[in-house]
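# Descriptive structure summary
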Amino acid sequence: MASDGERAGVELTNLDQPLSDDAGATKRDLVDYLDAVADRILPVLAGRPLTVLRALRGRAPFMQKNVPKYTPDWVRTVPIWAEASKREIRYAVCDDRRTLLWLANQRAVEYHPALGPADDIYRPTHLILDLDPPDGADFAAVVAVAHLVRQALSDSGLAGAVKTSGSRGLHIFVPIDDTAPVDDVAAATRAMAARAEALDPSIATTAFIVSDREDKVFVDATRAGGATVAAAYSPRLRPGTPVSFPVSWSELERVHPSDFTVHTAAAVLAGRDPWADAMPAPQRLPNELIEHGRTIPVARVAAMHEGKRRARAQREGEAR
C-alpha cells in the first residue's frame, strides 16, 4: 500500500483511490472531510457501539459491526451479545479524532451509531422517525410530511431536530430522558408515526409493506431498540458522496439533500454545529403517547402476518 503520511498518529494510505465508481470522491476527500468535521461528528458517535459501511476496492460494500482482528489496541471496543447470531460482537466506539481517522483510512464511508450508549445499548437516547419517499418523488413531498411530524410532536408537547438522511429522505430526532424503557420508546415512536399519518393520510403512510404505500412518503417508526441510524454529518455511499446534514425547520423548503456532500458540507458549516444547536433538551415521553403506541402492532410483525395471510389467500384462490 502506498503511504501518504500520518495524521493524528494514523498512517494514511492510497488516498487518491476513488471510493466507488460513482462516488465522485477519493479516500483523501473522505479523510479530509471527516477531519474537518471531527469536532461535530465525534459527539454523536462517542460512547456508542458503531456500525460502519466500508467500501473496499474490488469488493461489494458491506456493513461491519465486528472489528477486524488487526484493529489497533488503542481503538476502544465494547463486546455486546448478539441474540440473533448467538455470538459476542466487538464493536468499535469512536471517541476521538485518531479513531475516526483510522476508520476513514479503512474506507469506512458511513457511520451508524447505536441509538443507546455502550453501557446500555437498549436505552435509546432519542425517538427517531425516518421519512422515506417513494421512487420518483420530489424532495418537497418529504418536506411536507416532515412538517406533519413536527406538528404531531408539538401536539404532544415534544420537539425535535431534523437532518437529511444523506439519501433521499429526512431523519427527525427527538431527544428523550431515561424514564421510558425501550419498549415504551418503541411504542411512542409508532404512535407518533400514526399521528403524523392521520394529519394528512393523502401524503403520509405507515404501511410497512412497500406495495401498500400508494406512492406516499413512508413514516418509518422501526428505528428503535437495537437499531442504528446514519449519524449527523456522516457521509453516505451514494453517487456524489452526499452527507447526512442538519437543517433548520425554516430552511427545509430551500435545501436539497444533494446540497451537502463531502466536498461542500464543511464549508456550509462555517464554524457552526447546527445539529448541537438545534437539538432540544431531553424530554419525557407522555404516558398517553406510549399507551396509544401499545395499541399499534409492531410493523415487522404485522407485515409478516399480513404476508402469510395474503399468500394463504392466493393459494386458496388458485385451488378453487
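Criteria and thresholds
- Residues numbered from 1 in each chain as written.
- Predicted model: local features only at pLDDT ≥ 70, side-chain atom pairs only at ≥ 80, totals over all residues.
- Heavy atoms only, no water.
- Helix = DSSP H or I, 4+ residues; strand = E, 2+ residues; numbered from the N terminus.
- Rg over C-alpha atoms; globule rule 2.2 N^0.38 Å.
- Buried < 20%, exposed > 50% of the residue type's maximum accessible area, 1.4 Å probe, protein only.
- Pairing = 2+ DSSP bridges.
- Contact = heavy atoms within 4.5 Å.
- Axes fitted to C-alpha atoms, helices over the stretch in contact; angles between N-to-C directions.
- Polar contact = N/O pair within 3.5 Å; in protein donor to acceptor, adjacent residues only side chain to side chain.
- Phe/Tyr/Trp six-rings, centres within 6.5 Å; stacked < 30°, edge-to-face > 60°.
- Lys NZ or Arg CZ within 6 Å of the ring centre and 35° of its normal.
- Expected span 1.5 Å × (residues − 1).
- Lys, Arg positive; Asp, Glu negative; His and termini not counted.
- Salt bridge = Lys/Arg side-chain N within 4 Å of Asp/Glu carboxyl O.
- UniProt positions renumbered as here; feature names shortened; annotations may be inferred.
- Core = buried A, V, L, I, M, F, W, Y, C linked by side-chain atoms within 4.5 Å.
- Parallel < 35°, antiparallel > 145°, perpendicular 65-115°, else oblique.
- Left-handed = near helix turned anticlockwise from the far one by under 90°.
- Nonpolar A, V, L, I, M, F, W, Y, C, P; charged D, E, K, R; others polar.

Moving on, we get to the overall build of the chain. Regarding its fold elements, the chain presents nine helices and 13 strands. Computed over the C-alpha atoms, the radius of gyration of the chain is 20 Å, within 12% of the 20 Å expected from 2.2 N^0.38 for a compact globule of 320 residues. Seen through its C-alpha atoms, the chain measures out along the principal axes to roughly 65 × 50 × 40 Å. Going through the 320 residues of the chain one by one, you find that 52% of them count as buried.

Once that is clear, we can look at the sheet that holds strand β12 (residues 217-220). One open sheet accounts for six strands, arranged β11-β12-β8-β10-β9-β13; its pairing is mixed. Unpaired on one side and paired on the other, β11 (204-205) and β13 (246-247) mark the two borders of the sheet. Here strand β8 (residues 126-132) pairs with strand β10 (residues 170-175) via six bridges, running antiparallel. Within β10, the position partnered with Asp 130 by the bridge is His 171. The strands touched by helix α4 (residues 139-155) are β8, β10, β11 and β12; relative to β10, the strand with the most contacts, the crossing angle is about 15°.

Moving on, we come to the environment of Asp 39. With respect to the element layout, Asp 39 can be found in helix α2 (residues 38-45). Separated by 150 residues in sequence, Asp 39 and Thr 189 place their C-alpha atoms 30 Å apart. Among the polar contacts made by the side chain of Asp 39, one reaches the side chain of Arg 40 at a distance of 3.0 Å.

What follows covers the packing of aromatic side chains. Tallied over the entire structure, the rule returns four aromatic pairs. Between Phe 173 and Trp 275, the ring centres sit 5.2 Å apart and the planes meet at 80°, which makes this aromatic pair edge-to-face. Of this pair, Phe 173 sits in strand β10 while Trp 275 is found in helix α7 (residues 274-278), placing the two residues 102 residues apart along the sequence. When sorted by exposure, Phe 173 lands in the same class as Trp 275, which is buried. On the numbers, 6.4 Å between centres and 70° between planes, the contact of Phe 208 with Phe 218 is edge-to-face. Remark: Phe 218 occurs in strand β12 and Phe 208 occurs in the loop between β11 and β12; sequence separation between them is ten residues. Given the relative accessible area of 5%, Phe 218 is considered buried. Put simply, the rings of Tyr 233, Phe 245 and Phe 260 pair up and form one aromatic cluster. Sitting over the ring of Trp 74, Arg 98 keeps its end group 3.8 Å from the ring centre.

Once that is clear, we can look at the pairing of β10. Of all six residues in β10, six are buried; the element is thus mostly enclosed. Because side chains alternate across β10, one face comprises the buried residues Leu 170, Ile 172 and Val 174, and the other comprises His 171, Phe 173 and Pro 175, equally buried.

Take helix α5 (residues 182-199) next. Helix length check: α5 (18 residues) gives 26 Å between terminal C-alpha atoms against 26 Å at 1.5 Å per residue, within 8%. Counting buried residues in α5 gives 13 out of 18 residues, a clear majority hidden from the surface.

Attention now moves to the side chain of Arg 213. Among the secondary structure elements, Arg 213 is positioned in the loop between β11 and β12. Asp 132 provides the closest opposite charge to the buried, unpaired Arg 213, separated from it by 4.1 Å. In contact with Arg 213, other than residues within four places in its own chain, are Asp 132, Thr 205, Ala 207, Phe 208 and Phe 218.

Bringing the UniProt feature "domain: DNA ligase D polymerase" (unreviewed entry) in the chain into the picture now. If you check UniProt for "domain: DNA ligase D polymerase" (unreviewed entry), the listed places come out as residues 26-275 in our numbering. End C-alpha to end C-alpha, residues 26-275 measures 26 Å, and it is 28% helix and 21% strand.

In this section: the nonpolar core. If you look at the biggest cluster of nonpolar residues, it comprises 87 residues, and the most contacted ones within it are Leu 45, Leu 100, Tyr 111, Leu 131, Ile 172 and Leu 285. With nine residues, α4 is the single largest residue contributor to this core.

As a further point, take helix α3 (residues 97-105). Counting buried residues in α3 gives seven out of nine residues, a clear majority hidden from the surface. The first or second residue beyond α3 is Arg 107, which carries a positive phi of 60°.

This part takes up the packing of helix α1 (residues 27-36) against α3. The geometry of α1 relative to α3 is characterised by a closest axis approach of 9 Å and an angle of 165° between their N-to-C directions. Judged by the angle between their axes, α1 and α3 are roughly antiparallel. For the pair α1 and α3, the crossing hand works out as right-handed. Of the residues in α3, those in contact with Lys 27, Leu 30, Val 31, Leu 34 and Asp 35 of α1 are Arg 97, Leu 100, Leu 101, Ala 104 and Asn 105. Residues belonging to the contact of α1 with α3 are distributed by class as follows: six nonpolar, one polar and three charged.

Take the pattern of salt bridges next. Where charged atoms from two side chains of opposite charge come close, those side chains can pair. Within this structure, the stated rule accounts for 14 salt bridges. Note that Arg 7 and Asp 35 form a salt bridge whose closest N and O atoms lie 3.1 Å from each other. Of the two residues, Arg 7 sits in strand β1 (residues 3-7) while Asp 35 sits in helix α1, which places them 28 residues apart along the sequence. With a closest N to O distance of 3.5 Å, Arg 168 and Asp 135 form a salt bridge. Here the residue Arg 168 occupies a position in the loop between β9 (161-164) and β10, and Asp 135 occupies one in the loop between β8 and α4, the gap between them amounting to 33 residues. Connected through shared salt-bridge partners, Arg 7, Asp 32, Asp 35 and Arg 97 make up one network.

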